[in-house]
Structure formats: structure tokens, C-alpha cells
Amino acid sequence: MPEPSYFPLDVLESPAPKSPASSSPKQPLICDPYPTLLVDTSTASEDPPESGSSMYLAPLRPQLYQRGPSAKDRQSIWRVIRTPLQMALFPLAAIGYLAFCYTVHRKVVPVITYGIFSVTPQYLAIIKGAITSISIIVISIALYPIYDILNSLKVSQAEYTRRELLHNRGTFQSEEFFRVLSSRSHGVPLETINHISSPSFGTIDAMIAFWRRTCSNHYSMGLVVSLLVWIVATLAPGALSVNSVLADGEMMAFAIGAVPPQSVLNASASSPGFNASSNSDMAASITWAEMQLGVQYSFGIVNTSDPDYAAYIVPIPLDIASTTSARWLTDVIGINPSCSWALTNMTRPFNISNSDATAFLLDFNLDVKVKDGDISDNMAFASVKSPLSDVRNHTTQATPIDGSTVFLLGQCLSGCSPSPMYINFTLDLAGLPTFTIEMSDQTWSMAILVCTPNVTIETREVRNEGHGLLDVQPRPMARQFAQQGNLHPVQTISLLSIATLSLTESAGSMTWTDRGDYWPLGSQVQGAVLYGKQQWEGLPGDAAPYGTNVTITLAPLEDITKGYTQIIQSAAKSYLGGYLGTAYVPGRVSTTEVIFSSSIPNVAVSTVIFVILAVLIILAQFRPGKGTEFTLINVAAVVHGSELPAQFAQMKAEQMSDFVPSDPKDVQQDIAEMLGERKIFLQRRPDGSGVLHIT
């Protein structure tokens, strides 16, 4: 066969086959795709006629075109079911995944591995990683049809690479090449069509084509779909996770502190409150540790948001560690404390040189004994009156059972000489209801402060979340818990009076501090509550000059009430931790379980994107031009009868003969520059097939 020759472009014309059929300009050029079927096999070995055109090739053997019926049937079945399977795969996988995410958000779904793996909080990170991996697999399966469509639309090389890795396929299908040519009758620049047909057409090239509007609408839609796929592939796997929660264990009996009958005030004993009063020093010490040092003793109590009570006092569980999560039923003490200055019946001075004075508190129905031993040798004092000996119910003359704490405060009016060796302090009782007490050589102005807890005993559920804080749960709406009986009403209320008995002496003594001169005004806790913590801790200490005079004012009643609430909460712990008695109540120890959890924002966004993708995948399945892919068969068909192969071959040969480029891409660039503004267009033949031409 002679070597092909190349001609200048201005004289190059499209070759035409030498046959009578081509003499008529209206007769289309028809190429039989199966020419060998009409040729006798005996002449297959003959040489073809020599010609300068390469259109006439040696016929192939007919048996190469034969195909077994079984293979054809199998391929036909796959072609029939492939599209429905792809369209069903996406909604089924997406709906199943999203439905499971919504389910685990509304109800508890434990993670069950059927013994294959230990589901414990220690392996929580491993379990989360496994769930995320499974979610990624499910989402990838759901997005498989989208990847397939994007591959056909040739959205980007990145999508092709992902599909190739997922499905291990090396073919790169594309419809954009023919879609652009078909949609633009005026032609497409060579550079544009050359980029589209290149496998290296990547994401950046796709964005540039979208910006320059050199792509089809399907191509633009593919870019949007690609972005949505990237978003949902990122968000959806993170929508499902696992978390550890507390679950109830078996019902069991908990030992908790109790206040049994006769445990505080024993009417049959010679000293009715001796047992309880013996522990008052311990109660005062606990109060000092918690309020002044900030050290929590035993379990703490969560601040209540219950509108009915200001605070709770809760019996302490005896056999449960502070780090154990559990819940149980118990009687609890709800308190609404109040403090106020009492009005008395003492309208004139009373001399206690020979006998004690009794002040009747008009608003509290209490009698308070004032005796010589209450008055100190200093200029002022403040102390707690004993509910067992100095305070009586005015009506019954019995020990009061309202749980109140009575403070007696006094300020010397005359007969007291300031010491030049100590700090001299004065209590400012101005504006308070006072009465006057006289002694042989002194006159005192006194005031009485009464704080009552206003107790209500109820049965509630108490929880410990493992942080050492007891949380009293609200009342159940539909039912009422049965009373547990671990807190006797009368004994419990009376206990709160005795719990503060040693507040003046044992709740942080002032004697051994740098402000020891103020010891008559009470302990550290008492002083901080009655006079305000800031004023109390800011009083001049031992470094002050001798004979310094200090005036101390009383704190507002609101602040005193808050301090009193903390006092009785802390002081009661020494009694409700088993000192007076023990009771058993029903409860459950919580165990940690791992359950599925979902992020509703991620699920909601993923749901919207899945719906959009479902609509787009339906539209894409019925898109026009589907199946016209960038394959050798389709490319060969559109260049048959075209002048492009010969022209480009000649131009490339001329470029290569002039110089050897270092990069083959330079040759393509030079050819594109030589063509200038000329465009490639697709012309339709009468039979509907297309052929490429250049303007």
C-alpha cells in the first residue's frame, strides 16, 4: 500500500466514495456496519484494492460477530432490570437509614451485638467508629445510582475516580461530548470540545466550563447534584451515633437515714432531747466545714426549682457510694424558711438580778427565758437559745415542736466600760423591736430573732447521678407515692431546733483566729449569717490599734434567711446519716448501657437533600440523549464521511515534521490556535445519524 500523502487545507475536500450511489447529492452515504456478512468467506483472504483512501479495509471473519443465545439472554435480562434496580436502590436505602435515625431519636434503641463484641462504655469510642463506618457504607450504597448517573454525565474526574474505585471499572462514559454538539447548531469551539472529550477534564475544568456557560444544562445539573452528593455524604454518616445512658437495674432495698419515733424527744427519758443534743457539736462542725471551708460532707443536695419549697433536706443513703448512679423512694423534708425580729410583751425594763425574765413572743407563741448567764462581760453578744431549756411553747409549756431557732442579741447601754486593751464593738439595733433588761449595775437593750423552717414531709423519688448530689424529683402527675415512713413528722421537725443548738460555740470558733475579740458575737458561721459575710470577714483584727471602736450592723432579713437555710441543710446531715436510725426503702441501681442516638439537624438536612436527589435521579433517568456516550463506536460513526480526520492528521503531521515538541499537548494547542474562530458542529443526515464538520 503506498504511503498516504497530505494536501494543503485550501485544496482539501471531503473524500467521496467512487460508486454510482454517490453521484446524486440527495442520496445519503450509507455504510453497512456488517459488510463481511455479505462476502463469501472464500474471498476473505484476497487483498483489498489499492486506493489512497483508507475507507476500504479488509473484511473481518463473520464468526467474530456471532454471539451465543444464552449470553444474549443474560445481557438482555440485566439491561431490563438494571434501571429499575438502580432507581429502587436509592430510595430504599435512604428511607431505611433516615427512618432508623428518626426512630432512635424518639425512642431508646440499645446497641446489641449478640455477644460478638462487648458493648460497654469503655469501648464507646470503638463502637462509635464502627457505627460511623457502617453508616458510610449504607450512604455509599444509597448514592450508587447517583454516582452512576454522574459518571454518565461526566460531572468531574473526581466523581469518575470515586466510581472507578467503588465498582472497579475502567471505562469512562460521557454524554456531554455529543450533548454539547447536538444542542449548539452554530458549533462549538475546538478547545471546548477538546476539553470535554479529555479524561483529564477535572473539577477545576468543570467549574470553569460552568462559569463560562460552555456546557449543557444537564452538565450544570450534574455539578449541582455533585455538590449535594458531597454534602449528604459528609453529613448523613454523622447523623447516627451511639451514646451511653443509665438504665434501671433490679429492684432492691436501700438503707437510708431515718428519724424514728422517740428518737429526738423521748418523753420517757429524764432528759427528753439528750440523745439528739449530744450530736449538736458534730452538726455545727459539719455546717462550718461546708459553709466556711466549702468542703462537702457526704452527699450534697441539688438546688430545687420546685416552686413550693425553697430547699430540701434529704435522708442520706448509707450503702451507696457517691459515684453510684441510683434512684429510690424516700420521705424528704421540704422547707420554706423565714426569719423575722420578734415582738415581745416586755414593754418596760425587767431586772434579772434576782430572777430570770421570760419574754413572750407574740407572733410565735413562744416563751424565751432571759437569764444572767446570757450576758457576757463585753459590750455586746449574740447566742442561740437552747430549745430544751430556754424556749417553751407558750400554750403547753412543752418543748416547741415547730423546729424554730431563737437568737438572742444584746447591746450594753450603760454600766459597761470599754477596754483600752481590746477592740470595742457595738451592735447597731436601731429600728429593731427591742426590750430592756436591767442588772445591778448594767442596762442592756436586747432583740430576739426567730427563724422557722416551715417543714413539709413528702415522699419523693431521689436520684444520684454519680456526682454525689441528691436530686429530688418533682411530684408525679398521675399518681402519688406511698409514704415510706422513714421520717416521723413530730420528731423530724423538732430535730431542726436541736441541730442548731451548738451553732454559737462550735460552728467555727473565733477564739483562735486573728479576730478573737469578737467571740461574744458568735461563731464564724453565725457571724457570717447575722452580720453579712463581707462585713464579718472585714472587721479589724489583732493588728488594729488597742481600743479601736467598731459598729456592727445586722444583715437584711432576706440574707439571714438564706444563710439559715444553708445552716439547717448542713446540720441535719449528722442526724439523717444513720445517727438516729435506719430505714429500708425501694430503689434501683442504674447501669450504663450503650444506645443509638441521632443528630436531628443532620438528619433534617440529609432528608431534604435526599428528597432533592430523588427528584433529580428520576429526571436523569428520562433525560434526552441518554446512551449517546463517548465511545469508540459513537465517535467512529460521527467522523465517518467527515473531513476532520484527514485535516487534523495532516496538521498534526506538519507540526511534528517541523519540530519535536517536549510536550505532546503543545501540538494540540498549536492546532487549536491555527483553527482560530472555526468551530466544530454536528450535521444530521437524512437517516438521523450525525457527522462532524468544521466551519
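Residues numbered from 1 in each chain as written. Predicted model: local features only at pLDDT ≥ 70, side-chain atom pairs only at ≥ 80, totals over all residues. Heavy atoms only, no water.

## With respect to the overall build of the protein chain
Spelled out, the test is: Helix and strand labels come from DSSP, where a helix needs a run of H or I of at least four residues and a strand needs a run of E of at least two; each type is numbered from the N terminus. Think of it in three bands: with a 1.4 Å probe and only protein chains considered, a residue is buried below 20% of the maximum accessible area for its type, exposed above 50%, and partly exposed in between. By the convention used here, residues are in contact when the closest approach between their heavy atoms is within 4.5 Å. Here the open area of atoms and residues is found with the Shrake-Rupley method and a 1.4 Å probe, where only the protein chains shown may cover a residue.
Along its length, the protein chain carries 20 helices and 21 strands. Residues counted as buried form 43% of the 695 residues belonging to the protein chain. Across the protein chain, every contact between residues at least 6 apart in sequence was considered, and the portion connecting residues at least 24 apart equals 75%. In the form shown here, the protein chain has an accessible surface area of approximately 37100 Å², with 58% of it arising from carbon and sulfur atoms.

## Quick word on the pattern of salt bridges
Rules: In the sections that follow, a salt bridge refers to a side-chain nitrogen of Lys or Arg positioned within 4 Å of a carboxyl oxygen of Asp or Glu.
Under the counting rule described, the total for this entry stands at 12 salt bridges. Here D390 makes a salt bridge to K371, at a shortest N to O gap of 3.4 Å. In this pair, D390 sits in the loop between β10 (380–384) and β11 (391–393) while K371 sits in the loop between β9 (366–370) and β10, placing the two residues 19 residues apart along the sequence. Residue D390 is classed as buried on the basis of its relative accessible area, which comes to 8%. The class for K371 is partly exposed, based on a relative accessible area of 28%. Among the salt bridges present, the one from R475 reaches E458, with a minimum N-O distance of 2.8 Å. Placement of the pair is R475 in the loop between β17 (469–472) and α11 (489–499) and E458 in strand β16 (residues 455–465), with a sequence separation of 17 residues.

## A word on the side chain of D374
Applied cut-off: N or O atoms within 3.5 Å of each other form a polar contact, as long as, within protein, one can give a hydrogen and the other can take it, and as long as residues adjacent in sequence are counted only when both atoms are side-chain atoms.
Mapping D374 onto the fold places it in the loop between β9 and β10. Within the structure, D374 has its side chain in polar contact with the side chain of K385 (distance 2.6 Å). Once residues within four sequence positions are removed from consideration, D374 is found in contact with K369, F381, K385 and L408.

## Here we look at the side chain of T287
By secondary structure assignment, the location of T287 is in helix α10 (residues 280–291). Of the polar contacts made by the side chain of T287, one reaches the backbone nitrogen of A571; its length is 3.5 Å. Here T287 is in contact with Q292, V525, I567, S570 and A571, once residues within four sequence places are set aside.

## Let's talk about a nonpolar patch on the surface
Stated precisely, the cut-off is as follows: Here, patches come from residues exposed beyond 30% relative accessible area and free of salt bridges, joined within 9 Å for like charges and within 5 Å for nonpolar side chains (Val, Leu, Ile, Met, Phe, Trp, Tyr).
Together, I77, W78, V80, I81 and L85 make up an exposed nonpolar region whose accessible area comes to about 510 Å². Within the element layout of this structure, I81 appears in helix α1 (residues 69–106).

## With respect to the environment of Y584
Considering the arrangement of structural elements, one finds Y584 in strand β19 (residues 582–598). Assessed through its relative accessible area of 60%, Y584 is described here as exposed. Here the alpha-carbon distance between Y584 and N486, two residues 98 residues apart in the chain, equals 8.1 Å. Excluding its chain neighbours within four sequence positions, the residues that come into contact with Y584 are A253, F254 and A255.

## Digging into the pairing of strand β15 (residues 443–452)
Keep this limit in mind: Here, any two strands with at least 2 DSSP bridges between them count as paired.
Among the 10 residues of β15, 10 are classified as buried, and the element is accordingly described as predominantly covered. On β15, burial covers both faces: T443, S445, A447, L449 and C451 on one face and W444, M446, I448, V450 and T452 on the other are all buried. Examined bridge by bridge, strand β12 (residues 405–414) and β15 share nine bridges and lie antiparallel to one another. Of the residues in β15, the one forming a bridge with C412 is W444. Bridge count for strand β14 (residues 434–438) against β15 is five bridges, and the pairing is antiparallel.

## Focus: the confidence of the model for the protein chain
Segments scoring low in pLDDT should not have their predicted coordinates read at a detailed level. We apply this condition: What pLDDT reports is the predictor's confidence in each residue, on a scale of 0 through 100.
The share of residues in the protein chain with pLDDT of 70 or more is 74%, and the mean pLDDT across the chain is 79. When mean pLDDT is taken per element in the protein chain, strand β6 (residues 338–341) scores highest with 97 and helix α4 (residues 157–167) scores lowest with 38. In the model, residues 1–65 has pLDDT below 50 throughout and makes 33 contacts with residues more than four positions away in sequence or in other chains. The low-confidence segment residues 154–173, where pLDDT is below 50, has 51 contacts with residues more than four positions distant or belonging to other chains.

## Quick word on the state of the cysteines
The line we're drawing: Any cysteine sulfur atom paired with another within 2.5 Å is treated as part of a disulfide.
Applying the stated criterion to the full structure yields two disulfides. One disulfide bridge connects C339 with C451, the sulfur atoms lying 2.1 Å from each other. Residues C339 and C451 are joined through a disulfide that is right-handed, its torsion about the S-S bond being 120 degrees. Separated by 112 residues along the polypeptide, C339 in strand β6 and C451 in strand β15 bring together distant segments of the chain. As far as burial versus exposure is concerned, C339 and C451 are alike and both buried. Through a disulfide, C412 is tied to C416; the S-S separation comes to 1.8 Å. Every disulfide takes its handedness from the sign of the S-S torsion; for C412 and C416 that torsion is 95 degrees, giving right-handed. Of the two residues, C412 and C416, both sit in the buried class. Look at the protein chain and number its bonded cysteines as they come in the sequence; the links are 1-4, 2-3.

## Let's talk about the packing of helix α13 (residues 524–531) against helix α15 (residues 557–571)
To describe two helices that pack against each other, one gives the angle between their axes and the distance between the axes. Our working definition: Angles run from 0 to 180 degrees between N-to-C directions of axes, and those axes are lines fitted to C-alpha atoms, restricted for helices to the stretch in contact. Under this scheme an angle from 65 to 115 degrees is roughly perpendicular, one under 35 degrees roughly parallel, and one over 145 degrees roughly antiparallel; angles in between are oblique. Following the grouping adopted for this structure description, the nonpolar residues are Ala, Val, Leu, Ile, Met, Phe, Trp, Tyr, Cys and Pro, the charged ones are Asp, Glu, Lys and Arg, and the polar ones are all others, Gly among them.
In the contact formed by α13 and α15, the axes pass within 7 Å of each other and the chain directions differ by 150 degrees. One way to sum up the angle between α13 and α15 is to call them roughly antiparallel. Touching V525, V529 and L530 of α13 are I560, G563, Y564 and I567, all from α15. By residue class, the composition of the contact of α13 with α15 is six nonpolar, one polar and no charged.

## With respect to the packing of α10 against α15
Cut-off, in case you're wondering: Left-handed describes a crossing whose near helix is turned anticlockwise from the far helix through less than a right angle; right-handed describes the clockwise counterpart.
Direction vectors running N to C along α10 and α15 enclose 125 degrees, while the axes themselves pass 8 Å from each other. Taken as axis vectors, α10 and α15 run oblique relative to one another. Both α10 and α15 take part in a crossing whose hand is right-handed. Contacts between α10 and α15 pair A283, I286, T287, E290 and M291 from the former with G563, Q566, I567, S570 and A571 from the latter. A class-by-class count of the residues in the contact of α10 with α15 yields five nonpolar, four polar and one charged.

## Some details on the sheet that holds β11
Spatial strand order, β8-β9-β11: three strands in an open sheet with antiparallel pairing. Each edge of the open sheet is held by one strand with a lone partner, namely β8 (357–361) and β11. Between one strand axis and the next, the sheet turns through 25 degrees on average, direction left out of account. As paired elements, β8 and β9 share five bridges and run antiparallel to each other. Looking at the pairing, F360 lines up with D367 of β9.

## A closer look at the sheet that holds strand β1 (residues 188–189)
Backbone hydrogen bonds are what pair the strands of a sheet, in a parallel or an antiparallel way. As summarised here, the arrangement of the three strands in space is β1-β20-β21, forming an open sheet in which the pairing is antiparallel. Strand pairing shows two members of the sheet lacking a second neighbour, β1 and β21 (690–694), which therefore form its edges. Bridging between strand β20 (residues 679–684) and β21 involves five bridges; their strand directions are antiparallel. Paired with L682 across the bridge in β21 is L692.

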